[in-house]
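Coordinate analysis (summary)
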Amino acid sequence: MYRTHTCGELRIGDAGKKVTLAGWVQRTRKFGSMTFIDLRDRYGITQLVLDGDTDLGREYVIQATGQVVKRESVNANLPTGEIEIKVESINVLNKAQTPPFTIEEVSDGGEDLRAKYRYLDLRRAPLQRALALRHRLAQEVRNYLDAQGFMEVETPYLIKSTPEGARDFVVPSRMNQGQFYALPQSPQTFKQLLMVAGYDRYFQIVRCFRDEDLRADRQPEFTQIDCEMSFVQQEDVLDTFEGMMRAMFRNALGVDIPNPLPRMSWYDAMDRYGSDKPDIRFGMEIHEISSLVKGHGFGVFDSADYVGAICVPGAAGYTRKQIDELTEWVKRPQVGAKGLIYIRMGEEGIKSSVDKFYTPEQLSEVAAAIGAKQGDLIFCLCGAKRKTQTQLGVLRIEMGNRLGLRDPKVFAPLWIVDFPLLEWDDETNRFYAMHHPFTAPKPEHMELFYSNRKEDLEKVCANAYDFVLNGNELGGGSIRIHQADVQERMFEVLGISKEDADYKFGFIINAFKYGAPPHGGLAFGFDRLCALFGGQETIRDYIAFPKNNQGRDVMIDSPSLIDREQLEELKLIVKTEK
Ligand code: ASP
């Protein structure tokens, strides 16, 4: 037997027992004639004490036998901190080279170095806690969905494109030269086919692949909790998955989320928060002030389509320098505003950057309209409506961060509902599906959906919904199209020719001709969900072997070149452009 106990297990009640532990030497300290060793495994750290010296290096794998004794100086930070093991014998199971960074709660290694030696980084307690939480949450999902009659079904990874708005990763086929599989961006079409096949309630904790330009904290492969149900309406889906989230919060975190969860229409979310994933942990809502500020000779506002404002509570003390810095901040291309107008509700009265154009009374009116009080600071932006709202939304989040209003231990989930079905793109001069092309128009908007007028199509809404938590879209789904002719119409609206639609999606259009039940579902981004539950912004710690910002796995050094023979077998020629 390698061990009688783990390194996280022994307590004062075990004093006197003879035990054997196995683990890694985190560090050794000499103290007079004694040596203290912190022995670590997945479960914790136990202190070993022995008479005399040792030549054990960091990360040696050892087995130690001895007696549990009460410790003289208790370490209140360790669950095992009241005891130590008086070592009788040590057996070195394996030596180790000195690791390139310290393997402790806080490491001295930089991110790149730790990524290269991920297997060492994974020995650290924060990462072990992160993966344990991930495991716990996956179990909660399975328990809940199993109890609700859901069946976990695996769908293939080598498929044909599933459009979810990103580029596909493709895999060349050796047996079908010149042809390629695509890796699924999601199992969307397969889960719908499972509904046609009568499986009724499906789920899968599944890997998805999207070849996107990596924005911060995205991974080219990521995990979804993917679900689909038949004979349901939006209400049934929301109800089921609210229940799942409730169970996860309760069982994994001991947190009770509101019952029922708040819901907000997409239009309200955009108008009030400038975002379809609003963080509702704090107010600072957006207000349209166009009618109050237009027509007073201030050209910038007068010529704007929309003027909006947020009130930053208690920020009237912001210095000119701070406001200038924020002005530069909103002008960065990532935000894209032209400038920032402020109204300061100071002790000495109202002051603004547009005092020339407005009387104090007029500015007070603006302040009253958005509920600003003395001591507050108002920021205004103007331009095209949705664009300006989005910019105000970004500024709002930034101010929320700066004022410490976004506590990761506070959870404010909600559903966003009533999304528009389609989104017009000026550049390509066509509609795109806001969610994906399998989302159904609301039944009451069917007539608009068959109209050929752009203004009508823009008004079509979907029974589509997103689950939003603390300013992050954690999941989303919709009631689907289940009739072949409606699906064909959708492709037509999206400007996809009949031939193209048949070539790419013939299988699903056909399947709908053989008795497809009404169905709907959703998927949650599992990596982000874990990170948010863990109170962290970044998903990387919650993935055992993640890729870096350039989409590389620096540990195994991938992607990499392949052999000439492999290329030859696949009949591929690599054209390297210099
Ligand atoms: N397949 C969708 C996605 O990946 C989710 C869904 O509609 O169920 O976002």
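Look above for the structure.
Here goes a summary of the coordinates provided. Computed from a predicted structure; not experimentally measured. (Residues numbered from 1 in each chain as written. Predicted model: local features only at pLDDT ≥ 70, side-chain atom pairs only at ≥ 80, totals over all residues. Heavy atoms only, no water.)

**What about the overall build of the protein?**
- When you go through the protein residue by residue, the secondary structure sums to 17 helices and 22 strands.
- When the backbone C-alpha atoms are referred to their principal axes, the protein occupies close to 85 × 75 × 55 Å.
- In the protein, buried positions account for 49% of the 578 residues.
- Taking the intrachain contacts of the protein between residues at least 6 apart in sequence as the baseline, contacts between residues at least 24 apart amount to 65%.
- Counting every atom, the protein has about 29100 Å² of accessible surface; 50% of that belongs to carbon and sulfur.
- Of the side-chain charges in the protein, 73 are positive and 84 negative, and the distance between the mean point of each set is 4 Å. (Helix = DSSP H or I, 4+ residues; strand = E, 2+ residues; numbered from the N terminus. Buried < 20%, exposed > 50% of the residue type's maximum accessible area, 1.4 Å probe, protein only. Contact = heavy atoms within 4.5 Å. Areas by Shrake-Rupley, 256 points an atom, 1.4 Å probe, with all protein chains shown as cover. Lys, Arg positive; Asp, Glu negative; His and termini not counted. Charge placed at Lys NZ, Arg CZ, Asp CG, Glu CD.)

**Thoughts on the sheet that holds strand β3 (residues 44-51)**
- Taken together, the five strands give a closed barrel; going around it, the order is β1-β2-β3-β5-β4, and neighbouring strands pair in mixed fashion. Averaged over all pairs of adjacent strands, the angle between their axes in this sheet comes to 55°, without regard to strand direction.
- Sheet topology places strand β1 (residues 18-31) next to strand β4 (residues 61-70); seven bridges connect them, and they run antiparallel. The residue of β4 that forms the bridge with Leu21 is Ala64. (Pairing = 2+ DSSP bridges. Axes fitted to C-alpha atoms, helices over the stretch in contact; angles between N-to-C directions.)

**A look at the pairing of β3**
- Counting buried positions along β3 yields six of eight residues, so the element is predominantly enclosed.
- Inspection of the sheet shows strand β2 (residues 34-41) paired to β3 by eight bridges, in the antiparallel sense. Following the sheet pairing, Asp41 is matched in β3 by Gly44.
- Between β2 and the antiparallel strand that follows it, β3, lie two residues.
- Sheet topology places β3 next to strand β5 (residues 83-94); two bridges connect them, and they run parallel. What sits directly across from Leu48, in β5, is Ile85.

**Some points on the sheet that holds strand β11 (residues 263-265)**
- Strand order in the open sheet made by the eight strands is β6-β9-β10-β22-β21-β20-β17-β11, with mixed pairing throughout. A single partner strand is all that each edge strand has here, and the edge strands are β6 (151-152) and β11.
- Bridging between strand β17 (residues 413-417) and strand β20 (residues 464-469) involves five bridges; their strand directions are antiparallel. Its bridge partner being in β20, Trp415 is matched across the sheet by Phe467.
- The sheet strands contacting helix α4 (residues 188-196) are β9 (201-209), β10 (221-230) and β22 (519-525), and the helix crosses β10 at an angle near 25°.
- Taken strand by strand, helix α6 (residues 266-273) contacts β11 and β17, and its axis lies near 85° from that of β11.

**Regarding the packing of α6 against helix α11 (residues 385-402)**
- At their nearest, the axes of α6 and α11 sit 7 Å apart, and the two run at 65° to each other. On α11, the residues touching Trp266, Tyr267, Met270, Asp271 and Tyr273 of α6 are Lys385, Arg386, Gln389, Thr390, Gly393 and Arg396.
- Across the contact of α6 with α11, the residue classes tally to four nonpolar, three polar and four charged. (Nonpolar A, V, L, I, M, F, W, Y, C, P; charged D, E, K, R; others polar.)

**Re the packing of aromatic side chains**
- All told, the structure shown has 19 aromatic pairs when counted by the stated rule.
- Plain terms: the ring middles of Tyr157 and Phe209 are 5.6 Å apart, the flat faces sit at 85° to each other, and that makes the pair edge-to-face. Highlighted residues: Tyr157 in the loop between β6 and β7 (170-172) and Phe209 in strand β9, separated in sequence by 52 residues.
- Ring centres of Phe438 and Phe491 lie 6.5 Å apart, and the angle between their planes is 85°; on these two criteria the pair is classed as edge-to-face. Of the two residues, Phe438 is situated in the loop between β19 (430-433) and α12 (446-449) and Phe491 in helix α14 (residues 484-493); the sequence distance between them amounts to 53 residues. (Phe/Tyr/Trp six-rings, centres within 6.5 Å; stacked < 30°, edge-to-face > 60°.)

**Points about the nonpolar core**
- Ranked by size, the top nonpolar core spans 43 residues in total, and within it Leu145, Phe241, Met244, Met245, Trp415, Phe524 and Leu529 carry the most contacts.
- Top element by residues in this core is helix α5 (residues 234-253). It accounts for eight residues.
- Leave out the neighbours within four places in its chain, and Met244 touches Val141, Tyr144, Leu145, Ile225 and Phe524. (Core = buried A, V, L, I, M, F, W, Y, C linked by side-chain atoms within 4.5 Å.)

**Considering helix α3 (residues 125-147)**
- In this model α3 runs 33 Å from its N-terminal to its C-terminal C-alpha over 23 residues, within 8% of the 33 Å that 1.5 Å per residue would give.
- When we look at burial in α3, the residues that qualify are Leu127, Ala130, Leu133, Arg134, Leu137, Ala138, Glu140, Val141, Tyr144 and Leu145.
- Buried residues belonging to α3 abut α2 (118-121), β9, β10, α5 and α16 (526-533).
- With its phi angle positive at about 85°, Gly149 sits one or two positions after the end of α3. (Expected span 1.5 Å × (residues − 1).)

**Notes on helix α10 (residues 360-369)**
- Taken together, the buried positions of α10 are occupied by Leu363, Val366 and Ala367. Mapping the buried residues of α10 onto a view down its axis gives an arc of 100°, with all of them on the same face. Structural note: α10 exposes Glu361 and Ala368 on the side pointing more than 90 degrees away from its buried face.
- Phi turns positive, to about 75°, at Gly371, one or two residues after α10. (Arc of directions from axis to C-beta.)

**Quick look at the environment of Ser478**
- Its location among the elements puts Ser478 in strand β21 (residues 472-479).
- For the pair Ser478 and Tyr465, spaced 13 residues apart in the sequence, the C-alpha separation amounts to 6.0 Å.
- For Ser478, the contacting residues outside a window of four places in its chain are His435, His436, Thr439, Asn463, Ala464, Tyr465, Gly520 and Gly521.
- Looking at Ser478, its side chain comes within polar contact range of the side chain of Thr439, at 2.8 Å. (Polar contact = N/O pair within 3.5 Å; in protein donor to acceptor, adjacent residues only side chain to side chain.)

**Topic: the side chain of Lys547**
- Following the sequence through the fold, Lys547 ends up in the loop between α16 and α17 (564-570).
- In this structure the side chain of Lys547 is engaged in a polar contact, spanning 3.0 Å, whose partner is the side chain of Glu221.
- Setting aside residues up to four positions removed in sequence, Lys547 forms contacts with Gln219, Pro220, Glu221, Arg540, Arg552 and Asp553.

**So, the pattern of salt bridges**
- What the rule picks out here adds up to 48 salt bridges.
- For Asp53, the salt bridge is made with Lys30, and the minimal N-O distance between the two is 2.5 Å. Residue Asp53 is located in the loop between β3 and β4, and its partner Lys30 is located in strand β1; the two are separated by 23 residues in the primary sequence.
- When its relative accessible area of 57% is taken as the criterion, Asp53 is described as exposed.
- Its salt-bridge partner being Arg129, residue Glu105 comes within 2.6 Å of it at the nearest N-O pair. In this pair, Glu105 sits in the loop between β5 and α1 (111-116) while Arg129 sits in helix α3, placing the two residues 24 residues apart along the sequence.
- What makes Glu105 partly exposed here is its relative accessible area of 42%.
- Arg129 sits in the partly exposed class, given a relative accessible area of 48%.
- Put simply, Arg114, Arg118, Asp121 and Arg124 are held in one network by salt bridges that share partners. (Salt bridge = Lys/Arg side-chain N within 4 Å of Asp/Glu carboxyl O.)

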